[in-house]
Amino acid sequence: MSELSELYQQVILDHNKKPRNFRKLETANHSAEGYNPLCGDQLTVYLNLEDDAVKEVSFEGSGCAISKAAASMMTQAVKGKTKRDAEALFSDFHRMVTGEDYENNASERLGNLKIFEGVREFPVRVKCATLSWHTMHAALNNQELVSTE
Ligand code: ZN
């Protein structure tokens, strides 16, 4: 097993067991629901946007370990970011897991999200990994519901 996939498993297990920011956000002024029918992952992303920045972010829902861990790490990654930076990170993440080329400096921006890079080899899992990101994007843009199909 490669070092990366070992790290990947540890991080996924940890976030699945103790998801960060896993709650309903009472102060949310944006939210969206996401559904991945292929796997059954279902989640709601809550955002508190203030002055075009993500002041608070949380999620709740149920799904597989990958979707939950990805959501947990998404909330950590976008908290404090401007809307524009959160969207840019979504784009970087999406490119990474779908195997598209991404800019060199994106690697640095992605940071520990890079552990999801291996997901590109499992197309079905790509939707699990990106569901929370699509949902965050929808919430930012005042859409209420996303489905990965
Ligand atoms: Zn899933």
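The model shown is predicted, which means the values in this text are computed figures rather than measured ones.

Caption draft 1: Focus on the nonpolar core. Judged by nonpolar contacts, the single largest core of 43 residues is most densely connected at Phe 93, Phe 116, Trp 133 and Met 136. Put simply, the parts of the chain that give this core at least two residues each are helix H1 (3-17), strand E2 (41-50), strand E3 (53-62), helix H2 (65-78), helix H3 (83-97), helix H4 (104-110) and helix H5 (123-140). In terms of residue count, H5 provides more of this core than any other element does, nine residues in total.

Caption draft 2: View of the packing of aromatic side chains. By the definition in use, this model includes four aromatic pairs. A ring pair is formed by Phe 93 and Phe 116, whose centres lie 5.7 Å apart and whose planes are at 70°; its orientation type is edge-to-face. Highlighted residues: Phe 93 in helix H3 and Phe 116 in the loop between H4 and H5, separated in sequence by 23 residues. This pair shows no difference in class: Phe 93 is buried, exactly as Phe 116 is. For the pair Phe 93 and Trp 133, a centre-to-centre distance of 4.9 Å together with 20° between the ring planes defines the contact as stacked.

Caption draft 3: Local environment of the coordination of the zinc ion. Bound to the zinc ion on the protein side are Cys 39 (SG), Asp 41 (OD), Asp 41 (OD), Cys 64 (SG) and Cys 128 (SG), at distances that span 2.2 to 2.7 Å. The class for Asp 41 is buried, based on a relative accessible area of 0%.

Caption draft 4: Up close: the sheet that holds E3. With mixed pairing, four strands are arranged side by side in an open sheet as E3-E2-E1-E4. Unpaired on one side and paired on the other, E3 and strand E4 (145-147) mark the two borders of the sheet. Within the sheet, the average angular offset between the axes of one strand and its neighbour, ignoring direction, is 20°. Pairing analysis gives nine bridges linking E2 to E3, with the strands arranged antiparallel. By the bridge assignment for E3, Leu 49 is matched with Val 54. Contacting E2 and E3, H2 crosses the sheet at an angle of about 170° to E3.

Caption draft 5: Representation of the environment of Lys 79 within the structure. Along the chain, the position of Lys 79 falls in the loop between H2 and H3. What makes Lys 79 partly exposed here is its relative accessible area of 41%. In the structure, Lys 79 is positioned 46 residues away from Glu 33 in sequence and 18 Å away in space, judged by C-alpha atoms. When residues no more than four places from it in sequence are discounted, the contact partners of Lys 79 are Val 54, Lys 55, Glu 56 and Val 57.

Caption draft 6: Just the packing of H2 against H5, in detail. Across the interface, H2 lies against H5 with an axial gap of 8 Å and an inter-helix angle of 35°. Helix-helix and strand crossings are classified by hand; for H2 and H5 the assignment is right-handed. On H5, the residues that touch Ile 66, Ser 67, Ala 70, Ala 71, Met 74, Ala 77 and Val 78 of H2 are Arg 125, Cys 128, Ala 129, Ser 132, Trp 133 and Met 136. Here the contact of H2 with H5 is built from residues that sort into ten nonpolar, two polar and one charged.

Caption draft 7: How the structure looks around the packing of H3 against H5. Close contact between H3 and H5 brings their axes to 10 Å; oriented N to C, the two are set at 160°. Judged by the angle between their axes, H3 and H5 are roughly antiparallel. As H3 packs across H5, the resulting crossing turns out to be left-handed. Mapping the contact onto sequence places Lys 83, Ala 86, Glu 87, Leu 89, Phe 90, Phe 93, His 94 and Val 97 in H3 and Val 126, Ala 129, Thr 130, Trp 133, His 134, Met 136, His 137 and Leu 140 in H5. Of the residues in the contact of H3 with H5, the class split is ten nonpolar, four polar and two charged.

The rules behind each value
- Residues numbered from 1 in each chain as written.
- Predicted model: local features only at pLDDT ≥ 70, side-chain atom pairs only at ≥ 80, totals over all residues.
- Heavy atoms only, no water.
- Core = buried A, V, L, I, M, F, W, Y, C linked by side-chain atoms within 4.5 Å.
- Buried < 20%, exposed > 50% of the residue type's maximum accessible area, 1.4 Å probe, protein only.
- Helix = DSSP H or I, 4+ residues; strand = E, 2+ residues; numbered from the N terminus.
- Phe/Tyr/Trp six-rings, centres within 6.5 Å; stacked < 30°, edge-to-face > 60°.
- Donors = N, O, S within 2.8 Å, 3.2 Å for Na, K, Ca; no water.
- Pairing = 2+ DSSP bridges.
- Axes fitted to C-alpha atoms, helices over the stretch in contact; angles between N-to-C directions.
- Contact = heavy atoms within 4.5 Å.
- Left-handed = near helix turned anticlockwise from the far one by under 90°.
- Nonpolar A, V, L, I, M, F, W, Y, C, P; charged D, E, K, R; others polar.
- Parallel < 35°, antiparallel > 145°, perpendicular 65-115°, else oblique.

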